[in-house]
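One letter stands for each residue in the lines below.
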Amino acid sequence: MNESIAQHYHDRTKYDPDTIAKKSKDLDWQAQPSPYKDYRVGTSYDLKSYLSPDQQPDQDGLLIHSWRRLSRFLLLSYGLTAKVSTWDGGYHYLRSSPSAGGLYPAEVYVVSGGTPILPAGLYNYQVRTHSLVHFWDSSEVWLQLQEACFSHPILHQTRLSLVVTAVFYRSAWRYEDRAYRRVLLDSGHLLGNLEVSGALVGLRPYLIGGFGDRRLNDLLFLQPKEEGALVVAPLLETQEEMPPNPTVAIASSVTHTIPHLPDGQLLGYLHQHSEIETPSPAAPAPQNQNQDKYNLPFGSRISTKTPPIFWGDDLSELESSILKRRSTRRFSAEPLDLAELKALLDFTYQPQHYAEQGFDGAPDFFDLSLIETFVAVSAVEGLEDGCYYVAPHTQELRQVRFKNFRAELHFLCLGQELGRDAGAVVFHTADLAVAIQHYGDRAYRYLHLDAGHLGQRLNLGAIALGLGASGIAGFFDQHVNEVLGIPVDEAVLYITTIGRPD
Ligand SMILES: Cc1cc2nc3c(=O)[nH]c(=O)nc-3n(C[C@H](O)[C@H](O)[C@H](O)COP(=O)(O)O)c2cc1C
């Protein structure tokens, strides 16, 4: 019988209270993979010296400006921003973009068709040393990138693109098959950082998710069982007129007969079977794209309209928020204010309100019309406890359940205190069947990347407001819907907890 591998994967990787203990294995700490990629050959370009305004490398002004910009952009997007001691007396470095378990499966590559500072070829961002390694020197790469992206028109307008890939085992070492969800969510946070860091340095990343996987993986010399490309992000100058992104709507084959897959093979199988060989058009866009999905006849409705968060002159608060962002480890019992929750929702779901301050007012997502948002409120001054649907178009909260869920949230988040102590817990969900109908099994990538991207906007908004936030990708899937009253068709993609840091 034909079925969707994305649906199969999702069902098989649900956490369930009856089986979670039996299924979880002891971690082999000796086998933990390094979160860094090394190249034996290649020319290294230092980026650190360009971070300091005093340092004047011996180059002309325009080139220095381009180097500084690239250096700052990569640091803010994925660079090292903190160091913590480890049990064995060493250090673990944290990055500007969060990652489940701090495992950092994402890698960032730069493909240059030849720019004043980057000769044509392939580069890998070496996070540990904040440098670029030029590991392949060829003027053919741009053409090959265009071919891999099925001649996407944006690639005619620039000669510079990032590619985000994932080294699966870095996360699968710990999270096994369910790691694919986290790999995509992590990478989605990184896309959020690319978007806002781009606004700071005058670069606009476009997102291409529909590409020929084999061609792109070959171009980057990836070992496809170990590492796979997730997103191509060409960069345009923001002062140019911004063409709309002519969509990611390329579907891959949806259904086939799925063989018996033992545990441990689900991640690789889903990634491989959501690859695109030749593009086929996506199904027509869902109807009512600009309408809120759930129009509940009962419960209170609270407008989320609010003055936007002020990010400082020239977005000065944005840079500091990115650099100081950390996932909150513990929340205090103090409630949030309704005004704070509104501001956070406004920043996350109404980017157009931030264009005046210099943000991209219409940043790229793959397809936000497929994602819904619910908020479980446990402690927000001025708002009744309960679960609310976030209606992004009318900009209001619509109540679906009417009680305090602290104990249940603690349980649903696998006993994590963050879920219990948060003032508000945000759930991103999607109707998988509808998404798969539209984009094929590839939809699984787009949904989780977009949910992570939204999660990063929540994180940064929380930091700017002096609040705390942490993502949670491990939860009892089935129970979330039952307990909180989220419609059963909505598969839970991701949770973000918000509160006051302890
Ligand atoms: C997709 C995702 C899932 C996460 N899940 C959890 C979680 O379940 N529990 C938790 O305490 N932190 C979670 N985190 C936070 C990470 O542990 C944190 O990002 C990582 O330790 C790096 O620290 P930093 O965010 O302060 O840079 C998650 C982060 C991401 C991006």
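To be clear, the structure that these remarks concern was listed above.
Described in the following lines is the structure provided in the data block. The shown structure was predicted, so the numbers you read here are calculated from the model rather than taken from an experiment.

## Here we look at the overall build of the protein
Part 1: Scanning the protein from N- to C-terminus turns up 15 helices and 22 strands.
Part 2: Taken against the 2.2 N^0.38 rule, which gives 23 Å for 502 residues, the C-alpha radius of gyration of the protein at 22 Å falls within 12% of a compact globule.
Part 3: Considering only C-alpha atoms, the protein reaches an extent of 65 × 55 × 55 Å along its principal axes.
Part 4: Across the 502 residues that make up the protein, the buried fraction comes to 58%.
Part 5: In the protein, 78% of the contacts between residues at least 6 apart in sequence involve partners at least 24 apart.
Part 6: With 42 positive and 59 negative side-chain charges, the protein shows a separation of 4 Å between the mean positions of the two kinds.

## With respect to the site of the ligand
Part 1: Around the ligand, the surrounding shell holds 22 residues, and the nearest of these are R325, R326, S327, Q416 and G471.
Part 2: With respect to the ligand, the side chain of R325 contributes an N or O atom lying 2.9 Å from an oxygen atom.
Part 3: Here a nitrogen atom of the ligand and a backbone polar atom of G471 are 3.2 Å apart.
Part 4: With the chains in place, 88% of the 620 Å² that the ligand exposes on its own is no longer accessible.
Part 5: Looking at the shell around the ligand, the elements with two or more residues in it are β4 (91-95), α6 (179-201) and β21 (468-472).
Part 6: The residue makeup of the shell around the ligand, split by class, is nine nonpolar, eight polar and five charged.

## Considerations on the packing of helix α1 (residues 5-12) against helix α8 (residues 266-273)
When two helices pack together, their arrangement is given by the angle between their axes and by how far apart the axes lie.
Part 1: Look at α1 against α8: their axes get within 10 Å of each other, and the N-to-C directions meet at 160°. By the angle between their axes, α1 is roughly antiparallel relative to α8. For the pair α1 and α8, the sense of crossing is left-handed. Of the residues in α8, those in contact with I5, A6, H8, Y9 and R12 of α1 are L266, L267, Y269, L270 and H273.
Part 2: Looking at the contact of α1 with α8 residue by residue, the classes come out as seven nonpolar, two polar and one charged.

## Some words on the nonpolar core
Part 1: Judged by nonpolar contacts, the single largest core of 108 residues is most densely connected at L118, L132, W311, L383 and L397.
Part 2: For this core, the element with the most residues is α6, which contributes 12 residues.
Part 3: Every residue in contact with W311, bar those within four places of it in the chain, is listed here: S316, E317, L318, S321, F347, Y354, Q357, F359, L460, G461 and A464.
Part 4: Residues F374, C387, F475 and V480 belong to the second largest nonpolar core, which totals 24 residues.

## What to know about the pairing of strand β3 (residues 80-85)
Part 1: Of the pairings in the sheet, the one linking β3 to β4 comprises five bridges and is antiparallel in character. From the neighbouring strand, V84 faces β4, where its bridge partner is H92.
Part 2: Hairpin connection between β3 and β4: a loop of five residues separates the two successive antiparallel strands, and G89 in this loop has a positive phi of roughly 85°.

## With respect to the sheet that holds strand β9 (residues 203-205)
Part 1: Ordered in space as β2-β7-β6-β5-β8-β10-β9, the seven strands form an open sheet in which the pairing is antiparallel. The sheet is open, and its two edges are formed by β2 (43-46) and β9, each paired on a single side. Adjacent strand axes in the sheet meet at a mean angle of 30°, parallel and antiparallel pairs treated alike.
Part 2: With four bridges connecting them, strand β5 (residues 106-112) and strand β6 (residues 121-126) associate as antiparallel partners. For V110, the partnering residue across the bridge sits in β6 and is Y123.

## Re the sheet that holds strand β16 (residues 371-377)
Part 1: What the seven strands build is an open sheet, ordered β14-β19-β18-β16-β20-β22-β21; its pairing is antiparallel. Edge strands, defined here as strands with exactly one partner in the open sheet, are β14 (301-303) and β21. This sheet shows a mean twist of 25° between the axes of neighbouring strands, independent of strand direction.
Part 2: With five bridges connecting them, β21 and strand β22 (residues 490-499) associate as antiparallel partners. Within β22, the position partnered with A469 by the bridge is I498.

The rules behind each value
Residues numbered from 1 in each chain as written. Predicted model: local features only at pLDDT ≥ 70, side-chain atom pairs only at ≥ 80, totals over all residues. Heavy atoms only, no water. Helix = DSSP H or I, 4+ residues; strand = E, 2+ residues; numbered from the N terminus. Rg over C-alpha atoms; globule rule 2.2 N^0.38 Å. Buried < 20%, exposed > 50% of the residue type's maximum accessible area, 1.4 Å probe, protein only. Contact = heavy atoms within 4.5 Å. Lys, Arg positive; Asp, Glu negative; His and termini not counted. Charge placed at Lys NZ, Arg CZ, Asp CG, Glu CD. Near = heavy atom within 4 Å. Polar contact = N/O pair within 3.5 Å; in protein donor to acceptor, adjacent residues only side chain to side chain. Areas by Shrake-Rupley, 256 points an atom, 1.4 Å probe, with all protein chains shown as cover. Nonpolar A, V, L, I, M, F, W, Y, C, P; charged D, E, K, R; others polar. Axes fitted to C-alpha atoms, helices over the stretch in contact; angles between N-to-C directions. Parallel < 35°, antiparallel > 145°, perpendicular 65-115°, else oblique. Left-handed = near helix turned anticlockwise from the far one by under 90°. Core = buried A, V, L, I, M, F, W, Y, C linked by side-chain atoms within 4.5 Å. Pairing = 2+ DSSP bridges.

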